[in-house]
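# Tertiary structure, described
The primary structure of each chain is shown beneath.
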Amino acid sequence: MRPPQPSPAFAALAGELTRLHDAREAAIVRALDALESSHPPLAQLVLCCIGDRQRAARWLVMPQRAFSGRSACDMLADGDVDAVWDQVVYKQFGTVAAV
């Protein structure tokens, strides 16, 4: 029995997927860096509330039900810093702080 032959098409696709994954991961890290440079107090609260840098960065780019399926990064891009503040405070302190 002959060993399977590598497929150039799948090798190219695998390489492209790896490149895209790496680019996405780098963009996620840059999202938190941008928040830290543009809104340091909000960035500190996000880090405090979420935990570590990796989880905080992922929270920034993940679609949120509270933002109608948009991400905090989308909201910040639209200039809606208050909505992000409100959501982070709600996550940190719960319903009492939201009132």
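Going by the structure above, here's the rest.
Criteria and thresholds
Residues numbered from 1 in each chain as written. Predicted model: local features only at pLDDT ≥ 70, side-chain atom pairs only at ≥ 80, totals over all residues. Heavy atoms only, no water. Helix = DSSP H or I, 4+ residues; strand = E, 2+ residues; numbered from the N terminus. Rg over C-alpha atoms; globule rule 2.2 N^0.38 Å. Buried < 20%, exposed > 50% of the residue type's maximum accessible area, 1.4 Å probe, protein only. Contact = heavy atoms within 4.5 Å. Areas by Shrake-Rupley, 256 points an atom, 1.4 Å probe, with all protein chains shown as cover. Lys, Arg positive; Asp, Glu negative; His and termini not counted. Charge placed at Lys NZ, Arg CZ, Asp CG, Glu CD. Arc of directions from axis to C-beta. Polar contact = N/O pair within 3.5 Å; in protein donor to acceptor, adjacent residues only side chain to side chain.

Now for the overall build of the protein. Within the protein one finds six helices and zero strands. Along the protein, from the amino end to the carboxyl end, the secondary structure elements read α-α-α-α-α-α. Against the 2.2 N^0.38 benchmark of 13 Å for 99 residues, the protein shows a C-alpha radius of gyration of 19 Å, more extended than a compact globule. In the protein, buried positions account for 26% of the 99 residues. Pairs at least 24 residues apart make up 46% of the contacts formed inside the protein by residues separated by at least 6 positions. As displayed, the protein offers around 6,900 Å² of accessible surface, 60% of which is attributable to carbon and sulfur atoms. One way to put it: in the protein the 10 positive side-chain charges average out to a point 9 Å from where the 11 negative ones average out.

When we look at burial in helix H3 (residues 53-61), the residues that qualify are Ala56, Ala57, Trp59 and Leu60. What you see down the axis of H3 is that its buried residues fit within an arc of 155°, all on one side. Facing away from the buried side of H3, by more than 90 degrees, are the exposed residues Gln54 and Arg55. Residue Asp52 occupies the N-cap position of H3, its side-chain oxygen lying 3.1 Å from the main-chain nitrogen of Gln54.

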